[in-house]
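Each chain, written out:
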Amino acid sequence: MAIATTSDGVKLHYETAGSGTPIVFVHEFGGNHWSWEPQMSFFTRRHQCLTFAARGFPPSEIPQDVTSYSQARAADDIFDIMDCAGLARAHLVGLSMGGFAVLHAGLRRPERVLSVCAAGAGYGAEKAHEEYFKGISEQVARNFEKQGSELFAKTYAEGASRVQFQEKDPRGWGLFAERLGKHSSKGAANTMRGVQMQRPSLYDLETEFRKMKPPLLVMVGDEDDHCLQPGVFLKKTVPACGLAVFPKSGHTLNLEEPALFNHLLSEFLGQVESGRWKERDPRANPAQIMRTD
């Protein structure tokens, strides 16, 4: 347990365990630093692992002004925490909101990023649903403010891409919902308005993604409908990108399918560290169906 002070003066709670090549885990909107326990326990066997509570998520500080929250700030917070922990470079792993943060971190400071794993990153990215996403995000923010986290968590935790987790692991889902109910209503509302609603679509960053340097693994559940196509987009756009689709799975992949998540992430990290996670072979031309000469 430690406290990092960001470059704009916000105090963030973080925890580290293990030794070896560092991994930084970045949580989703519906989670917190505890969301990565199955990964912290597994990867500390070979890595120095770090997890933190994003600004607005207790026990980290909760800035009251929404202007203290943004997608760029979320990426910068990762590097500020790395600085405080003495990490020059690290593998970055994020889910959903955290997935967006690690993608932006990989674009902004590639020299400090060994690799990026982005799971469930896609909400609000689809151009056809941009305005709807912003509107529903504002409604979510208002619900947190008016109903409070404890009450609204019961609704939010049963979203269309959360019920898969509930069906597979009611006990694990119950713990997720209980922790969601302890979020700061103010922090949740500010995060929704400052980060979720304002972040650019992944499709608007196509030029940047085509030049992305760190190796990338994208994970997505096949019933996490609004992340599927953005996942395919990243696969087709980022030079050294792999795409893993989890069958009969929703949004909360690292908790819903921890064994599969850990296995795929472990294989990815091993290939990156051995220099075997490379850009797509030019012979694997997507325009070719069968070779004839």
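1. Re unusual backbone geometry
Across the junction of P58 and P59, the peptide omega takes the value 5°, indicating a cis bond. One can find P59 in the loop between β4 (47-52) and α2 (71-85). The backbone phi angle of S96 is positive, close to 55°, even though this residue is not glycine. Here S96 lies in the loop between β5 (90-95) and α3 (97-108). Its relative accessible area of 8% is what places S96 among the buried residues. With phi around 50°, K248 is a residue other than glycine that occupies positive phi space. By the element assignment, K248 lies in the loop between β8 (241-246) and α11 (253-256).

2. A few points about the packing of α2 against α3
For the pair α2 and α3, the least separation of the axes is 8 Å and the interaxial angle reads 75°. Considering the angle they form, α2 stands roughly perpendicular to α3. Residues Q71, A72, A74, A75, D76, I78 and F79 of α2 pack against F100, A101, V102, H104, A105 and R108 of α3. When its residues are assigned to classes, the contact of α2 with α3 shows 9 nonpolar, 2 polar and 2 charged.

3. Focus on the packing of aromatic side chains
Counted under the stated rule, the structure contains 14 aromatic pairs. Seen from their ring centres, F144 and F152 are 5.0 Å apart, and the 80° between their planes marks the pair as edge-to-face. Each member of the pair, F144 as well as F152, is classed as buried. The interplanar angle of 40° and the centroid separation of 4.4 Å between the aromatic rings of Y203 and F233 together place this pair among those described as tilted. With Y203 in the loop between α8 (185-196) and α9 (206-210) and F233 in helix α10 (residues 225-237), the pair connects residues that are 30 residues apart, well separated along the chain. Judged by relative accessible area, Y203 falls into the partly exposed class, the value being 25%. We classify F233 as buried; its relative accessible area is 11%. Here a set of aromatic residues connected by ring pairs shows up, and it is made of F25, W36, F42, F43 and F261. Above the face of the F79 ring, R109 is positioned so that its terminal group lies 5.2 Å from the ring centre.

Conventions adopted
Residues numbered from 1 in each chain as written. Predicted model: local features only at pLDDT ≥ 70, side-chain atom pairs only at ≥ 80, totals over all residues. Heavy atoms only, no water. Helix = DSSP H or I, 4+ residues; strand = E, 2+ residues; numbered from the N terminus. Buried < 20%, exposed > 50% of the residue type's maximum accessible area, 1.4 Å probe, protein only. Axes fitted to C-alpha atoms, helices over the stretch in contact; angles between N-to-C directions. Parallel < 35°, antiparallel > 145°, perpendicular 65-115°, else oblique. Contact = heavy atoms within 4.5 Å. Nonpolar A, V, L, I, M, F, W, Y, C, P; charged D, E, K, R; others polar. Phe/Tyr/Trp six-rings, centres within 6.5 Å; stacked < 30°, edge-to-face > 60°. Lys NZ or Arg CZ within 6 Å of the ring centre and 35° of its normal.

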